[in-house]
Amino acid sequence: MTDSSTPTLEIRDFSLVFDTFDGTYHAIDKVNLTLRPGEAMGLVGETGCGKSVLTRAAFGLVPTPPARITSGSVTLEGRELLGLSDRALRGVRGKDVAMIFQDPMTYLNPVFRIGTQLVDAIRAQSGGKASKAEARALALEMLDKVHLPNPERQFRSYPHELSGGMRQRVLIAMALAAKPKLLIADEPTTALDVTIQAQILDLMAELVEDMGLTMIMISHDLGVVAQVCSRVAVMYAGKIVEDAPIRQIFDAPSHPYTQGLLAALPHPFKPVDKLASIPGSLPDLLNPPEGCRFAARCAKAHAACAAPVDFRTVGPGHEVACTLYDLAETKELAHEH
Amino acid sequence: MSTDMLSIRNLDVHFPISNGQVVRAVDGVTLSLKPGETVGLVGESGSGKTTVGKTVLRLVEATAGEIDIDGLDVRAAGQKGLKALRRKAQIIFQDPHSSLNPRMTIRRAVAEGLILNTSLRGNALREKVAEMLIAMGLPPQFHDRFPHELSGGQKQRVCIARALVLEPDLLVLDEPTSALDVSVQAQILGVLKDLRLSRPRLTQLFISHNLAVIRFLCDRVAVMYLGKIVEEGPVAEVFGDPRHPYTRALLSAVPVPSAVERPERLRLTGDIPSPANVPKGCAFHTRCPIAKVGVCDTRAPEPVPLSSGRQALCHFADQTKGALSA
Ligand SMILES: Nc1ncnc2c1ncn2[C@@H]1O[C@H](COP(=O)(O)OP(=O)(O)OP(=O)(O)O)[C@@H](O)[C@H]1O
Ligand SMILES: Nc1ncnc2c1ncn2[C@@H]1O[C@H](COP(=O)(O)OP(=O)(O)OP(=O)(O)O)[C@@H](O)[C@H]1O
Ligand code: SF4
Ligand code: SF4
Ligand SMILES: [Mg+2]
Ligand SMILES: [Mg+2]
């Protein structure tokens, strides 16, 4: 059924609100994202912009209420997910979509050995069809795949006996054992130090390349994303504002918010005199502006920005939601710093 | 020596653990900071960075060695000396949320130290506090707010204001921006860099995992591994041409915000040793890609001086240039 023209994941026109005591909080607004098979996409943006809510809600992991999906569709290899029963969604999450999160300790039970937890998870993924011995063999194979030294020994360890990087590998192994079509990694290395972070990122890049894994990697660090992903979507206040090949994001960042993110990053191998921070804060999403959500913080905002802003194509595979790219005179303004 | 703002000599900090063993959290560290200097302290998780920082402020007692802050012998200081120390040196931690009292307005939080340590009261006190908060980018409408009414970056600025209002000469910063967003991080780094101009004597020891941040802010950097400083020198030179194999591995692992310049990764293999059971010889030999059997596993290296005030703790520090990139 899958050919190269069927995207692995397609999110169209997806909007979500939270019903709160203070009113309706417009957390996600008309998001479009398409992932082709084997593609690794980074999702970046500042804290609270909606990265986790978007990727969780798409697979039924955000409780409704308080959340309410107000528009859109989410298809996995052509199959619509919105409206599926909880039971069906659980099946999708166990089998076709795997997720790993920032803090591995929260997802491992401290009182059971690593091996027991892996075997149980793999048997659950198979719907009880795999025997204990089959699950054990697959678990060891996966531990080997994620380069955990001495898998046989780690099998008998308890979570606290492993380092942070080793625990994260166990979770990656658990996630990949089901041979998912899509892996969602939400800040998978934030809790780790740089040498261990680099090992995990190497591993993820290898999995994408060798196993043809399709992946969304969420981070607020563009440097981390650059290590693994070929494409990046930048999110601001519940909207995707730029979607581009990774090189384009660094060489020709087009949305003023993306430009701001890059200007705020120090560089380990270059002297930088001054870092620019983005003045102001996220808009109040109980009462979001009708036009560009970045306008209140944008030095280049002008009259046209008060109306809703659609995507413009500014290069191959490079789209940006900003009015600066409409007219010759504003285009020049767009790249002035 | 008397010209140093902070001088740490042969510092050991050992923590006793069960069955008579000790964790050698800090093992023979020597480091000095001149007035006005900002020095970065980097290294693997658990290598002893925080312990060094806390020992300098005497929040942790040293096992052996000497620490002087502007000529004051920290380890020998009595009640009076400690009081002077609290004014001279301040520490800022990673998590601004737990460092602030939730029931105190930020005005009060900043005034507290002045009330305890100075005779400043009334209007003069109010003015000094307000001035400090404004200098940190917190205008008057914020001053009567409680911590929960502020963002993470604003809270961290309150912590910096609270430390600076006592006009310390030495500031120890332990991962002050790692809980913050990149844009907020840029604000805080800007504040710290500006301080270097407005307070030329202010000396900073900056602990961080983020090497890009260290590069932005620091004059010199010291790299720790298992309780020891393994390399030290001007930050541009150490990052540009690291000589200790651990520093090389660390630098090659840094995520670079660019799609093209990814340095060739130098992978470390082997188990990470525990500071309760430090390997013999060079402590790094169990993971070092260029370790020599019969040398590194038997003889502990001495610091090797290199050009322009640099040094590295490796038998082959003067020969390693380029040796690993091949
Ligand atoms: N149950 C809820 N009720 C109301 N608002 C919510 C709820 N859950 C999340 N939000 C809001 O939705 C927004 C998006 O949150 P989300 O967790 O997706 O951010 P994020 O981009 O993942 O941030 P971070 O980088 O900090 O993880 C936030 O402003 C958050 O406060
Ligand atoms: N009070 C204590 N009792 C026993 N061991 C301790 C104590 N404090 C620290 N240690 C140990 O000392 C070593 C150094 O710890 P420290 O917190 O200084 O490391 P660090 O370099 O700051 O690490 P990180 O980058 O993770 O913050 C670690 O092995 C730690 O477990
Ligand atoms: S649409 Fe207008 S306000 Fe929004 S980023 Fe572009 S120029 Fe700025
Ligand atoms: S002394 Fe030997 S083991 Fe230690 S860092 Fe140098 S080469 Fe490696
Ligand atoms: Mg999140
Ligand atoms: Mg620490």
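In short, a report on the structure. (Residues numbered from 1 in each chain as written. Chains lettered and ligands numbered in written order. Predicted model: local features only at pLDDT ≥ 70, side-chain atom pairs only at ≥ 80, totals over all residues. Heavy atoms only, no water.)

Turning our attention to the overall build of chain B. What chain B contains, in helices and strands, is ten helices and twelve strands. Over its C-alpha atoms chain B spans a radius of gyration of 21 Å, differing by no more than 12% from the 20 Å that the globule rule assigns to 326 residues. With the C-alpha coordinates of chain B rotated into their principal frame, the extents come out at 70 × 50 × 40 Å. Taking the intrachain contacts of chain B between residues at least 6 apart in sequence as the baseline, contacts between residues at least 24 apart amount to 62%. Carbon and sulfur atoms form 52% of the exposed surface of chain B, whose accessible area is close to 14000 Å². Where the 40 positive side-chain charges of chain B centre and where its 33 negative ones centre are 3 Å apart. (Helix = DSSP H or I, 4+ residues; strand = E, 2+ residues; numbered from the N terminus. Rg over C-alpha atoms; globule rule 2.2 N^0.38 Å. Contact = heavy atoms within 4.5 Å. Areas by Shrake-Rupley, 256 points an atom, 1.4 Å probe, with all protein chains shown as cover. Lys, Arg positive; Asp, Glu negative; His and termini not counted. Charge placed at Lys NZ, Arg CZ, Asp CG, Glu CD.)

The subject of this paragraph is unusual backbone geometry. Residue and element names in this part refer to chain A. With an omega of -10 degrees, the peptide bond running from Thr 64 to Pro 65 counts as cis. Note on placement: Pro 65 falls in the loop between α1 (51–57) and β4 (67–76). A cis amide bond, omega 10 degrees, links Pro 65 with the succeeding residue Pro 66. Note that Pro 66 resides in the loop between α1 and β4. With a phi angle near 45 degrees, Lys 30 is a residue other than glycine that sits in the positive phi range. Judged by its relative accessible area of 52%, Lys 30 falls in the exposed class. (Buried < 20%, exposed > 50% of the residue type's maximum accessible area, 1.4 Å probe, protein only.)

Now for the packing of aromatic side chains. Taken as a whole, this structure holds six aromatic pairs over all chains when the rule is applied. Geometrically, the ring pair formed by Tyr 236 of chain A and Phe 294 of chain A is edge-to-face, given 5.0 Å between the ring centres and 80 degrees between the ring planes. Linking Tyr 236 of chain A in strand β9 (residues 231–236) with Phe 294 of chain A in the loop between α10 (256–263) and β11 (312–315), this pair joins segments that are 58 residues apart in sequence. Comparing Tyr 236 of chain A with Phe 294 of chain A shows no difference in burial state: the two are buried. Residue classification places Phe 294 of chain A among the buried positions, given a relative accessible area of 3%. Taken together, the ring pairs connect Tyr 236, Tyr 257 and Phe 294 of chain A into an aromatic cluster. Taking NZ or CZ as reference, Lys 193 of chain B lies 4.1 Å from the ring centre of Phe 216 of chain B, over its face. Geometry around Phe 316 of chain B places Lys 292 of chain B over its ring, the cationic atom sitting 4.4 Å from the centre. (Phe/Tyr/Trp six-rings, centres within 6.5 Å; stacked < 30°, edge-to-face > 60°. Lys NZ or Arg CZ within 6 Å of the ring centre and 35° of its normal.)

All names here are of chain A. Along the polypeptide, Lys 95 turns up in helix α2 (residues 86–95). You can call Lys 95 partly exposed: its relative accessible area is 40%. For Lys 95 and Val 208, which are 113 residues apart along the polypeptide, the C-alpha to C-alpha distance reads 18 Å. Those residues in contact with Lys 95 that sit more than four places away from it in its chain are Gln 125, Ala 178, Lys 179 and Pro 180.

Along the polypeptide, Arg 287 of chain B turns up in the loop between α10 (245–252) and β11 (304–305). Within the structure, the side chain of Arg 287 of chain B is placed 3.2 Å from the side chain of Tyr 225 of chain B, a separation counted as a polar contact. (Polar contact = N/O pair within 3.5 Å; in protein donor to acceptor, adjacent residues only side chain to side chain.)

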